[in-house]
Amino acid sequence: MITQGTKAYSYIRFSSPEQANGDSYRRQRAAAETYCMQNGLELVRSEAYSFFDRGRSAYKGKHLDDTGQLARFLSFVEDGTIEAGSLLIVESLDRLSREHVRDALPRFLDLLKADIQIYTASDNKLYTKDYNEIDIVVSILQMSRAHSESSLKGERVSKAWQQKQNDARLTKKPLGHACPYWLKLEGGKYVAVSERVQVVNRIFRLATSGHGHRAIAKLLNADNVPIFGSLKRNKTGLWGSSSTGKILSNRAVIGEYQPTGLVDGKRAKLGEPVLDFFPAVIDEDLFFEAQSARSTRNVSKATKSSANFNVWQGLAKCSMCGESMHLVNKGRPPKGGKYLRCYGSSKGRCTNMQVELGRSERAFMEILAKVDSLSLVQDSQAKIQKEISKIDLQLAKIKKRQAEIESQILEINDDLPSFVMQAALRVDQESKTLKAQRNELKRDSQREKILNKEDFFSRLDLLTFEGRAKANYLLKALKVKVQIERQEDKVCYAIEVEGVLTFVMEQVSGKIDFYPYTGELTELLRSQGDDGAFAEMHSAMVTRVFDLLALMKERQRIQDMLNNPGVPIKF
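Values in this document were obtained by computation on a predicted structure and should not be read as measured data. (Residues numbered from 1 in each chain as written. Predicted model: local features only at pLDDT ≥ 70, side-chain atom pairs only at ≥ 80, totals over all residues. Heavy atoms only, no water.)

What about the sheet that holds strand β14 (residues 355-356)?
- Pairing is antiparallel in the open sheet, where three strands are placed in the order β12-β13-β14. The sheet is open, and its two edges are formed by β12 (325-329) and β14, each paired on a single side.
- Here strand β13 (residues 338-342) pairs with β14 via two bridges, running antiparallel. Paired with Y339 across the strands is E356, a residue of β14. (Pairing = 2+ DSSP bridges. Helix = DSSP H or I, 4+ residues; strand = E, 2+ residues; numbered from the N terminus.)

Observations regarding the environment of A424
- Take A424: it is sitting in helix α14 (residues 418-446).
- For the pair A424 and E406, spaced 18 residues apart in the sequence, the C-alpha separation amounts to 8.4 Å.

Things to note about the nonpolar core
- Core analysis: the biggest nonpolar cluster contains 42 residues, and W312, F364, I484, Y493 and M505 have the highest contact counts within it.
- Looking at this core element by element, the count peaks at six residues for helix α12 (residues 357-370).
- V200, I216, L220 and F278 belong to the second-largest nonpolar core, a separate cluster that totals 34 residues. (Core = buried A, V, L, I, M, F, W, Y, C linked by side-chain atoms within 4.5 Å. Buried < 20%, exposed > 50% of the residue type's maximum accessible area, 1.4 Å probe, protein only.)

Observations regarding the packing of aromatic side chains
- Following the criterion strictly, the structure yields 19 aromatic pairs and no others.
- Ring centres of F309 and Y473 lie 5.8 Å apart, and the angle between their planes is 85 degrees; on these two criteria the pair is classed as edge-to-face. With F309 in the loop between α10 (284-299) and β11 (316-318) and Y473 in helix α16 (residues 465-477), this residue pair connects regions lying 164 residues apart in the sequence.
- Relative accessible area serves as the criterion here: at 1%, F309 is assigned to the buried category.
- Its end group placed over the ring of Y339, K330 keeps NZ or CZ at 5.6 Å from the ring centre. (Phe/Tyr/Trp six-rings, centres within 6.5 Å; stacked < 30°, edge-to-face > 60°. Lys NZ or Arg CZ within 6 Å of the ring centre and 35° of its normal.)

Comments concerning the packing of helix α8 (residues 213-222) against helix α9 (residues 241-249)
- Viewed as axis vectors pointing N to C, α8 and α9 meet at an angle of 110 degrees, and their least axial separation amounts to 8 Å. Taken together, the axes of α8 and α9 lie roughly perpendicular to each other. Counted together, H213, R214, I216, A217 and L220 of α8 and S241, T244, G245 and L248 of α9 form the full contact between these two elements. (Axes fitted to C-alpha atoms, helices over the stretch in contact; angles between N-to-C directions. Parallel < 35°, antiparallel > 145°, perpendicular 65-115°, else oblique. Contact = heavy atoms within 4.5 Å.)

Below, the structure is given as structure tokens:
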């Protein structure tokens with residue numbers, strides 16, 4: 001029996017966004033308020049005792065995990081915060097649980113044993129600690145019905161969705177209104193939403209020009225570009241780094257549909273993607289160019305873009321201690337200016353001197369002229385580099401697949417099934433074919449060299465953010481690393497390409513001397529008219545450069561082993 005003044009608590013739950021858009025919350029809240037008013041009960045309204053699970057499935061017990069509000073109510077009962085004799089109001093027992101009866105019933109009885117009364121508004125039923133057998137039978141029937149309905153509904157939805165995925169794969173039949181935000185279903189087919197397609201294209205072009213997810217979101221917000229989706233899902237109405245990142249990684253922009261489903265309770269890809277399912281809204285070359293730029297940013301740990309992009313970002317290392325060379329701004333000239341400074345020297349651990357940024361960028365241009373950087377100013381080279389980037393991404397995907405197959409092989413104790421061997425051979429052949437294509441493209445790019453250096457410099461864009469970022473990302477893609485050391489008025493640059501020392505530059509004021517380490521580079525220097533700048537490198541400097549490079553490689557080897565504790569360190 002409920003007495004006046006009993007404290008009542010309302011628990012409200014609904015499991016889908018559609019229910020949020022409807023009347024579910026208002027209906028459940030109003031029922032609790034009406035019951036309390038009719039029975040002279042105190043409905044606790046403070047936020048600390050508000051128990052409301054939006055979008056929580058009771059069928060899977062998600063409302064009972066560590067973040068669920070019902071779990072919080074149960075913990076308050078256990079620690080005495082909610083006193084014995086209190087009342088819990090729910091719309092029906094299925095709001096408490098749609099789990100199997102064997103899981104739901106003990107929890108229900110534990111609440112009653114703790115002298116927590118439970119009122120269900122839908123059938124005007126009050127459950128107390130003085131329950132009888134009929135009460136228990138009714139509650140079991142309620143819970144059993146709720147679980148069966150949820151199970152049947154989930155099975156029907158799953159089968160219906162599987163059939164839609166099969167139709168999509170076999171006949172490319174549209175999935176219904178479930179489609180990317182830049183498309184809509186019209187006349188039984190997907191069509192592009194022009195204003196949103198323009199936004200998608202802008203996002204990809206910003207990515208290829210060096211902008212990261214966060215920087216792209218800021219630019220869209222600054223220009224008041226409307227977000228995709230409803231304001232009910234994104235209450236801020238602003239673009240975020242996650243939303244731009246998802247668009248950049250979504251292959252639906254080039255027409256692909258990847259069926260997914262739950263595997264062991266986790267969402268996973270189901271089979272190969274369906275090609276040409278959606279209308280493509282961006283060029284495939286632009287998609288892969290953006291992926292290449294994103295990959296380069298990830299490898300170099302670039303997390304933000306400044307208004308004036310640092311061309312040395314992720315490329316320059318101190319030749320004395322191996323730390324990165326960072327950009328520092330000391331104010332306006334003549335007393336201030338921008339410099340490259342060793343991170344170790346800023347902490348007092350290195351004696352390397354800082355280098356004027358403008359002076360170093362003159363050396364940066366020379367480095368571009370000595371490597372495969374024609375793609376920055378020449379369309380044919382740009383196309384070759386795009387093709388190479390596409391192949392690199394495919395090779396990375398194949399490498400991941402090879403690792404998965406190797407893992408499967410290790411788990412098999414008996415004879416290897418034939419399909420595993422066939423898959424391994426097929427993936428290996430794909431890898432060899434792609435590598436051969438990549439080598440051919442590299443040979444094509446080598447056929448053209450930068451012979452007219454002045455013409456190259458005149459067309460090189462190191463003024464705009466986009467131009468500087470592209471030059472930086474190209475050198476990263478070519479696996480260029482530069483060791484920098486300043487000795488009074490002289491700055492030395494040791495240039496490695498794919499881990500091999502290729503040449504060294506000495507810069508004194510406006511003059512640069514070159515010391516090539518390969519015959520190919522020697523010929524290129526002569527063809528560019530730089531043979532007059534050759535110089536005899538002092539043997540002491542040669543020894544110092546090689547010693548420093550060897551030391552840095554050893555440091556990296558040890559660091560790699562420390563990052564893999566399962567691998568024994570060998571000296």
